[in-house]
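Observations on the model geometry
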Amino acid sequence: MSFVNKAMAIVLAPIHILQLGTSAKSFLDHPLIGSQRLNRLGLHRTRVRIADAMCRWRRRRLAKHVPAHWREAFDRDGFVVIENVVSPAEFTKLREAILRSEWPAREMRQGDAITRRIAIDAEMLQTVPELGRFLSRKDINALFHYVSSYRITPLHYVQTIVPNLLGGETDPQQVLHADSFHASMKAWLFLKPVTREDGPFTYVRGSHRFTPERMEWEYRRSLTDPQSIDRLSARGSPRVDASGLAQMRLPPADALALPENTLVVADTGGFHARGAAKNTSERVEIWSYARRNPFLPWLGGDPLSIPGVAERRVGWLWAFRDRFERNMGQPWQSVGRRRPTGDNQDG
């Protein structure tokens, strides 16, 4: 190691130590998180154990606000499926208002799939009041909070996925994986039916629980040289195969082919994937996401969840990455105003 690198390591050491108490997860980029020596002593396993204990403690405090049958389904499986979550008349208005209009859109390509996202912002909420009423429902938000283990407002988007485009490798989202070493919440309200041929959401039931078998698997993977495995796993979003599921005594993944107007809310600290699609039909959904520092003891206190701020966060995040694209990259490229369906391009 050169003198300059040694000096930088010393200067950055306090920051790296503090980051151990955050959601930082990359074995590839973080000298402590990726240290095989420290992980043999139990660093990663300890972070996972503490994050899991904090999550379960927060969920116990939030449980009373969630309908019992939703809570029981989540505790058992790691996800909840709610069909006909919006009244039929309200859902028709919501869907048509979103799908027939053009909105500022961003796109990202991974492998042979394009994902388009449209921010659900103040303009959309004013234009589509049915959407605002759904996203403000107390029972839905109580479920969001319980799964994420925090009383925070998720980021909301209209998301379109177009699979099987020419000229790309396999979509990495089709490989079973966990988003991180701790709980996080994602939700999908399907605006169109999703069949097995469309690449449905897939989940390993019960994999959200950090059992002794999962903890042992986490420990063993923390000892792997991050340079020797796939980049997404090395960056802290571990991929798992059938052998790994067997080691954790977990069942095969279930593909959730579901009708329109179905909401799925899942803990993506469990193993999940985008199913392999057999055609190029579009999957269109309201997509919500919430993740926070897993070591915080309090439930709320998020200034970005304040009304008037929450609906502007996506635009701010995109603008920030646009501004610093050279330093941190920007996978979400602006494609102008687009409808969620009907004009997706291969490119």
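The structure this text deals with has already been given above.
These notes cover the structure that comes with them. Computed from a predicted structure; not experimentally measured.

Conventions we followed
Residues numbered from 1 in each chain as written. Predicted model: local features only at pLDDT ≥ 70, side-chain atom pairs only at ≥ 80, totals over all residues. Heavy atoms only, no water. Helix = DSSP H or I, 4+ residues; strand = E, 2+ residues; numbered from the N terminus. Rg over C-alpha atoms; globule rule 2.2 N^0.38 Å. Buried < 20%, exposed > 50% of the residue type's maximum accessible area, 1.4 Å probe, protein only. Contact = heavy atoms within 4.5 Å. Areas by Shrake-Rupley, 256 points an atom, 1.4 Å probe, with all protein chains shown as cover. Axes fitted to C-alpha atoms, helices over the stretch in contact; angles between N-to-C directions. Parallel < 35°, antiparallel > 145°, perpendicular 65-115°, else oblique. Left-handed = near helix turned anticlockwise from the far one by under 90°. Nonpolar A, V, L, I, M, F, W, Y, C, P; charged D, E, K, R; others polar. Polar contact = N/O pair within 3.5 Å; in protein donor to acceptor, adjacent residues only side chain to side chain. Pairing = 2+ DSSP bridges. Salt bridge = Lys/Arg side-chain N within 4 Å of Asp/Glu carboxyl O.

If you tally the helices and strands in the chain, you get 13 helices and 11 strands. Compactness check: the chain gives a C-alpha radius of gyration of 20 Å against a globular reference of 20 Å for 347 residues, within 12% of the reference. Projected onto the principal axes, the alpha-carbon positions of the chain cover approximately 60 × 45 × 40 Å. Per-residue burial for the chain yields a buried fraction of 50% across its 347 residues. Restricting the contact set of the chain to residue pairs at least 6 apart, pairs at least 24 apart contribute 85%. Summing over all exposed atoms, the chain offers an accessible surface of approximately 16,500 Å²; the carbon and sulfur share of this is 56%.

As a further point, take the environment of Val128. Mapped onto the elements, Val128 comes out in the loop between helix 6 (122-127) and helix 7 (129-135). The spacing of Val128 and Leu232 is 104 residues in sequence and 37 Å in space, taken between C-alpha atoms. What Val128 contacts, discounting residues up to four positions off in sequence, is Leu94, Ala97, Ile98 and Trp103.

The geometry of helix 4 (residues 68-77) relative to helix 8 (residues 138-148) is characterised by a closest axis approach of 11 Å and an angle of 25 degrees between their N-to-C directions. Comparing their axes, helix 8 and helix 4 come out roughly parallel. Crossing angle aside, the handedness with which helix 4 passes helix 8 is right-handed. Taken together, the residues of helix 8 that come into contact with helix 4 (itself represented by Trp70, Arg71, Phe74 and Asp75) are Asp139, Ile140, Leu143, Tyr146 and Val147. Residue composition of the contact of helix 4 with helix 8, by class: 6 nonpolar, no polar and 3 charged.

What follows deals with the environment of Glu311. When you line up the elements, Glu311 lands in the loop between strand 10 (283-290) and helix 12 (313-323). Take Glu311: its relative accessible area is 23%, and that puts it in the partly exposed class. The sequence separation of Glu311 and Ala242 amounts to 69 residues, and the corresponding C-alpha distance is 40 Å. Looking at Glu311, its side chain comes within polar contact range of the main-chain nitrogen of Gly308, at 3.1 Å.

Turning to the pairing of strand 2 (residues 103-110), a few remarks are in order. One ladder, built from 4 bridges, connects strand 2 with strand 11 (residues 333-338); its direction is antiparallel. Paired with Trp103 across the strands is Arg338, a residue of strand 11. Turn length for the strand 2-strand 3 (residues 113-119) hairpin, with the two strands adjacent in sequence and antiparallel, is 2 residues, and the turn residue Gly111 shows positive phi of about 60 degrees.

One non-glycine residue with positive phi stands out, namely Arg249, at about 55 degrees. Tracing the backbone shows Arg249 in the loop between helix 11 (242-247) and strand 7 (254-255). For Asn261, which is not glycine, the phi dihedral falls at a positive 65 degrees. Locating Asn261 in the fold gives a position in the loop between strand 7 and strand 8 (262-267).

One pass over the full model with this rule turns up 24 salt bridges. Between Arg76 and Asp77 there is a salt bridge whose closest N-O contact spans 3.0 Å. Its salt-bridge partner being Asp139, residue Arg137 comes within 2.8 Å of it at the nearest N-O pair. Since its relative accessible area comes to 25%, Asp139 is described here as partly exposed. Shared partners join several salt bridges into a network, and the residues in it are Arg76, Asp77, Arg205 and Asp254.

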